[in-house]
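These are the residues of each chain, in order.
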Amino acid sequence: MSTRVMFVSPAMGPALREARFPVADGEEPYGHEKAGQGRAADALDGVGLRQAEAVAACLRDRAGDGSPLRATARYVSPTPRCRRTADVLGLAAEPLPGLAPCAMGRWRGRTLDEVAAAEPDAVAGWLTDPATAPHGGESLDHFLARVGRRLDTLSTAAAATAKNADTDTGTGTDTDTDTDTQADGTGTGTGTGTGTGRILVVAEPDVIRAATVHALGAPPAAFWRIDVRPLTLTELGGRAGRWNLVGGRPLHHGHHGHP
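Residues numbered from 1 in each chain as written. Predicted model: local features only at pLDDT ≥ 70, side-chain atom pairs only at ≥ 80, totals over all residues. Heavy atoms only, no water.

Student: In this structure, what is going on with the overall build of the chain? I would like to understand it.
Tutor: Broken down by element type, the chain carries 7 helices and 6 strands. Buried residues in the chain amount to 49% of all 259 residues. Within the chain, contacts between residues at least 6 apart in sequence are counted, and of these 70% link residues at least 24 apart. Carbon together with sulfur atoms contributes 53% to the accessible area of the chain, which is approximately 11,900 Å² in total. (Helix = DSSP H or I, 4+ residues; strand = E, 2+ residues; numbered from the N terminus. Buried < 20%, exposed > 50% of the residue type's maximum accessible area, 1.4 Å probe, protein only. Contact = heavy atoms within 4.5 Å. Areas by Shrake-Rupley, 256 points an atom, 1.4 Å probe, with all protein chains shown as cover.)

In structure tokens, the structure reads:
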């Protein structure tokens, strides 16, 4: 029984544009004492909102011949920009704490350049040793393990749901006729879904990078070599322990991720 996990990255906003460390729901950027004082940067800006609305319109136009975001379960990283992106795309998605961005402690909401200027030795250690967490938050090793566990759990649950659905309908097959994840990223997108659980996650870029590292069995250092652009689709198809990757596909042909 196979699973398709489709990750959608959030639309552009000030924090993403400035490459600030993410801030999860219930947190404030470090140093902002008043609630909500620093949260505006974590929302979508005008450009990001227009891009998300364009994607939403494209998805509505394709509703008749199969949306690329059709799924049996939808989740969202618990951050303002991911929740807002899901809302604009018309996706009713459940927040999952296990898919929160890496907890960055006193670095949250700050840029890497700002932190490097203030704590050069700490940043150097953090970039080279995945077991360290000089910011007082979560180490890269811990973050990769957390996202990996959640990915495998979602896969197992989705496969079980799909199997039960096949049993209820009497098909009992384990055939995935989806063809939209070929090696070159093309395909017909027919996607009957028989025997396949389809999961959609609007996720922070670092969560998508961590899931990719886990799925491919790559070393932690690979995390730093993956670039996830705004409003793109990254797909993992297979099952826990054996995945195939299709990455970076725009959600419609007229959008290229950056303004």
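Student: So what exactly am I meant to see when it comes to the pairing of strand β2 (residues 73-76) here?
Tutor: Consecutive side chains of a regular strand alternate in pointing toward one face of the sheet and then the other. Examined bridge by bridge, β2 and strand β3 (residues 94-95) share 2 bridges and lie parallel to one another. When the sheet's bridge partners are listed, Y75 is paired in β3 with E94. For the crossover from β2 across helix α3 (residues 80-88) to β3, the handedness is right-handed. (Pairing = 2+ DSSP bridges. Right-handed = clockwise from strand over helix to strand, strands pointing away.)

Student: Where do I start with the pairing of strand β5 (residues 232-239) in this structure?
Tutor: Counting buried positions along β5 yields 7 of 8 residues, so the element is predominantly enclosed. The pairing of strand β1 (residues 2-8) with β5 spans 6 bridges and is antiparallel. By the bridge assignment, V5 is partnered in β5 with L236.

Student: Mind showing me how you'd approach the nonpolar core here?
Tutor: In a soluble, globular protein the nonpolar side chains are often hidden away together inside. Counting 34 residues, the largest nonpolar core has F7, W107, F143, L151 and V201 as its most contacted members. Of all the elements in the fold, those that place two or more residues in this core are β1, β2, α5 (120-128), α6 (140-169), β4 (196-202) and α7 (205-216). Among all residues touching F7, those that are not within four sequence positions of it are L151, V201, A203, I208, A211, T232, L233, T234 and L236. Grouped together as the second largest cluster of nonpolar side chains are 21 residues, A71, V76, A86 and V202 included. (Core = buried A, V, L, I, M, F, W, Y, C linked by side-chain atoms within 4.5 Å.)

Student: Hey, could you run me through the packing of aromatic side chains in this one?
Tutor: Each aromatic ring pair is specified by the distance between its two centres and by the angle formed by the two planes. Under the defined criterion, the tally for this structure stands at 6 aromatic pairs. Judged by centre distance (4.9 Å) and plane angle (75 degrees), the rings of W126 and W224 are edge-to-face. Highlighted residues: W126 in helix α5 and W224 in the loop between α7 and β5, separated in sequence by 98 residues. Take W224: its relative accessible area is 29%, and that puts it in the partly exposed class. A connected cluster of aromatic rings, assembled from ring pairs, spans F21, W107, W126, F143, F223 and W224. (Phe/Tyr/Trp six-rings, centres within 6.5 Å; stacked < 30°, edge-to-face > 60°.)

Student: Hey, could you run me through unusual backbone geometry in this one?
Tutor: Trans is the prevailing form of peptide bonds, just as negative phi is the prevailing case for residues other than glycine. Even without being a glycine, A19 presents a positive backbone phi close to 55 degrees. Here A19 lies in the loop between α1 (14-17) and α2 (46-61). Phi at L231 is positive, roughly 50 degrees, even though this residue is not glycine. Turning to its location among the elements, L231 is positioned in the loop between α7 and β5. Using a relative accessible area of 0% as the deciding quantity, one classes L231 as buried.

Student: Is there a simple way to think about α3 in this case?
Tutor: Residue pairs spaced three or four apart in an α-helix point in one direction, given the helix's 3.6 residues per turn. Those residues of α3 not exposed but buried are P80, R81, C82, T85, A86 and V88. At the C-terminal side of α3, G90 shows a positive phi close to 75 degrees.

Student: Teacher, can you tell me more about the side chain of E204 here?
Tutor: Of note, E204 is situated in the loop between β4 and α7. Only 2.6 Å separates the side chain of E204 from the side chain of R81, close enough to count as a polar contact. Among all residues touching E204, those that are not within four sequence positions of it are P10, P22, S77, T79, R81, C82 and P101. (Polar contact = N/O pair within 3.5 Å; in protein donor to acceptor, adjacent residues only side chain to side chain.)

The values reported here are purely geometric and, on their own, carry no functional implication.
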